[in-house]
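Architecture at a glance
Spelled out, the chains give:
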Amino acid sequence: MNDALTKQVFHFVKSLYDYGIHEIVISPGSRSTPIAIACELHPEMTTYIHPDERSAAFYALGLMKATNRPVAILCTSGTAASNYVPAVSECFISNMPLVVITSDRPHELRNVGAPQAINQVGMYRNFVQYERDFPIADDASETLQFIDAVMMQASTFLSGPMKGPVHFNIPFREPLMPDAALQGMLTVEPKVQVSYQKAFDVNTVKGIISRQNGVIIAGDCQQEDLTQMLIFSTIHNVPIIADPLSQIRHLKHPNVVTTGDSLFKVLKSITPGYIIRVGNAVVSKAINQWIKASDAPQILVQPRVQPYTFPKVPDLFIEITANDFFRQVAEEKPVNNQAWIKFWQTINDVVINHIIQHAQTVRDEGSATYQIFKQLQQDDVVFLGNSMPIRDCDTFFTHFEGQPYCNRGANGIDGVVSTALGMARHKKVTLIIGDISFYHDMNGLIMDKLSSNEHKHQINIVVMNNNGGGIFSYLPQYEDKAHFERLFGTPLDLDFEQTATLYDFKYKKFNVFDEITLPKASGHIIEITSDREENLKAHQQLLNDLKVKLNAEL
């Protein structure tokens, strides 16, 4: 046994837990043995074993989305660490506190051609808030003090405005087995966590919010409490255009506009007095184009040091949580906005009724998602793939229960299945995903197959199978018929019933023309087949009919 190594890794794992990292996803490997065993021996640490590093990291992202707590991932040395890059970049843009732990060869084996000894130092430098290369374990007390200092520094990025991924690269020299007899070092003694608040001068925003006809745009707010925003909206009669990821559409607040994407595809000339943008950018391209074109003064409210200004640099950025901001401005004297809020409530109701009628009479992927949304319960999670599913959610998730989630940091299709599975460890999840995106992370399903019966994930997976990249039909590339199908349509002709069999899922199949019913029990892959061309026509019909209806109302 290596006593110095044991003391180092046990002290490190204890510190992880003390700073609020209570779950870790471990991908098997030799060089990571010391930390893997230490995590297994920790009396309170929850460990998950995932053989695919790329999917493992996205699984951890799902755990974070479900718990709103930092989660660690651990892999062996070499190319294993390279597979974390997609998820680390997603977490960086999404401000998710992923703790990346890469095991490494000792320093004397780096850059000499030893196996699995690529340069891991700084390998995520573009996508982490903090990174440190650890020393080799020795008997010096300074080594443990180094761990304490590093964890204190890194903890700054586990919550608050600078929240994001951190990277610890830890080299180990053989022998790699820690001494389980020293397990007492893992005794749980949680540290006090630091919360973040920031005050601001209300006078800096008085001149803006004293105008009539303000609008609040609520994007993905990272599970923030938005109670004070709703109170402000009620007092000042300000509409809230709510992205599906804002988690407030289901509240049915009279001032929450749930049809912004459809509205701004049709009505582009609405002129507000001011715009308050809360959280990250919304999914809707139409809303983002409207924000970009508006000359109204804009306030951006985000609890982060470096603002995400897309789609337009605001007139004022305030580094604060939404609740703290609206609490401080709610008591400002309201202006007369009754006609303004009535206008928004009226057109929102018109669009909702039109979408209901469309979903009941037209059969396409949009109406299929509508049928799924109708079956969600209050605390259910619906996780959306990043191409058409999130866009259909934006259109059709107008008045339902449930909580929509999506990986909208980097907006990629990497790891969607694994992220949804991670959430399903703590919540009941319905994943809606396209056939190509599902194929891209099918190997992530192994986590459910490897789980014991009592720890199976609470997930049903709905695969929208239009045999290709459906979203490309809505882009200019669609007009190039000579090259479209080969370069963008990319039909896969996959049999997803065999996927269900391979990973021990039950299987059901529908067409968009069928009445679609979700199983009560978890553990199903539900394939819904459709035609890309018909989907495109149905979406165009929805907007054309909406233009006629809104013009008649207005």
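For clarity, every value in this text was computed on a predicted model and none was experimentally measured. (Residues numbered from 1 in each chain as written. Predicted model: local features only at pLDDT ≥ 70, side-chain atom pairs only at ≥ 80, totals over all residues. Heavy atoms only, no water.)

Digging into helix α13 (residues 365-374)
- In terms of residue burial, α13 counts as a mostly covered element, since 9 of its 10 residues are buried.
- Along α13, the positions that sit buried rather than exposed are Glu-365, Gly-366, Ser-367, Ala-368, Thr-369, Tyr-370, Gln-371, Ile-372 and Phe-373. (Buried < 20%, exposed > 50% of the residue type's maximum accessible area, 1.4 Å probe, protein only. Helix = DSSP H or I, 4+ residues; strand = E, 2+ residues; numbered from the N terminus.)

Topic: the pairing of strand β13 (residues 381-384)
- Residues Val-381 and Phe-383 point to one face of β13 and Val-382 and Leu-384 to the other, with burial holding for every one of them.
- Once you follow β13 into helix α14 (residues 388-396) and on to strand β14 (residues 403-405), the crossover reads as right-handed.
- Two strands pair when backbone bridges link them, and β13 and strand β15 (residues 429-434) are joined in this way by 4 bridges, in the parallel orientation. Bridge pairing links Phe-383 to Leu-431 in β15. (Right-handed = clockwise from strand over helix to strand, strands pointing away. Pairing = 2+ DSSP bridges.)

A look at a negative patch on the surface
- Where like charges cluster on the molecular surface, the negative patch consists of Asp-3, Asp-138, Asp-139 and Glu-142.
- Note on placement: Asp-139 falls in the loop between β5 (130-133) and α6 (141-155).
- Look at Asp-139 and you get exposed, because its relative accessible area is 69%. (Patch = residues over 30% accessible without salt bridge, like charges linked within 9 Å, V, L, I, M, F, W, Y side chains within 5 Å. Areas by Shrake-Rupley, 256 points an atom, 1.4 Å probe, with all protein chains shown as cover. Salt bridge = Lys/Arg side-chain N within 4 Å of Asp/Glu carboxyl O. Lys, Arg positive; Asp, Glu negative; His and termini not counted. Charge placed at Lys NZ, Arg CZ, Asp CG, Glu CD.)

Looking at the side chain of Thr-499
- Along the chain, the position of Thr-499 falls in helix α19 (residues 496-502).
- Here Thr-499 is in contact with Phe-438, Met-442, Leu-445 and Ile-525, once residues within four sequence places are set aside. (Contact = heavy atoms within 4.5 Å.)

Looking at the sheet that holds β5
- Reading across from one edge, β2-β1-β3-β4-β6-β5 is the order of the 6 strands in this open sheet, with parallel pairing throughout. A single partner strand is all that each edge strand has here, and the edge strands are β2 (46-49) and β5. Averaged over all pairs of adjacent strands, the angle between strand axes in this sheet comes to 20 degrees, irrespective of strand direction.
- Two elements, strand β3 (residues 71-75) and strand β4 (residues 98-104), share 5 bridges in a ladder whose sense is parallel. Looking across to β4, one finds that Cys-75 is bridged to Thr-102.
- Against the sheet, helix α1 (residues 3-18) contacts β4 and β6 (166-171), and its axis sits at roughly 165 degrees relative to β6.
- Strand contacts of α6: β5 and β6, with the helix running at about 165 degrees to β5, the strand carrying the most contacts. (Axes fitted to C-alpha atoms, helices over the stretch in contact; angles between N-to-C directions.)

Some remarks on the packing of helix α3 (residues 53-67) against helix α5 (residues 85-94)
- It is the contact of α3 with α5, at a shortest axis distance of 7 Å, that shows an interaxial angle of 25 degrees. Classified by the angle between their axes, α3 and α5 sit roughly parallel to one another. Between α3 and α5, the contacting residues are Arg-54, Ala-57, Phe-58, Leu-61 and Met-64 on the first element and Pro-86, Ala-87, Glu-90 and Cys-91 on the second.
- Split into classes, the residues belonging to the contact of α3 with α5 amount to 7 nonpolar, no polar and 2 charged. (Parallel < 35°, antiparallel > 145°, perpendicular 65-115°, else oblique. Nonpolar A, V, L, I, M, F, W, Y, C, P; charged D, E, K, R; others polar.)

Some thoughts on the pattern of salt bridges
- Scanning all chains against the criterion turns up 13 salt bridges.
- In this structure, the salt-bridge partner of Arg-327 is Asp-324, at a minimum N-O distance of 2.9 Å. A residue pair is termed a helical-turn pair when its members lie 3 or 4 positions apart in one helix, as Arg-327 and Asp-324 do in helix α11 (residues 322-329) at 3 residues.
- Residue Arg-327 is classed as partly exposed on the basis of its relative accessible area of 43%.
- Judged by relative accessible area, which is 10%, Asp-324 ranks as buried.
- A salt bridge links Arg-532 to Glu-485; the shortest N-O distance between them is 2.7 Å. One end of the pair, Arg-532, is in helix α20 (residues 532-553); the other, Glu-485, is in helix α18 (residues 481-489), and 47 residues separate them in sequence.
- Connected through salt bridges with shared partners, the residues Arg-54, Asp-414 and Asp-441 form a single ionic network.

Some words on the environment of Gly-444
- Mapped onto the elements of the fold, Gly-444 is located in the loop between α16 (435-440) and α17 (446-449).
- For Gly-444, a relative accessible area of 0% translates into the label buried.
- A C-alpha to C-alpha distance of 7.5 Å links Gly-444 and Gly-415, two positions 29 residues apart in sequence.
- Filtering out sequence-adjacent residues up to four positions away, Gly-444 remains in contact with His-50, Ser-55, Val-417, Ser-418 and Leu-421.

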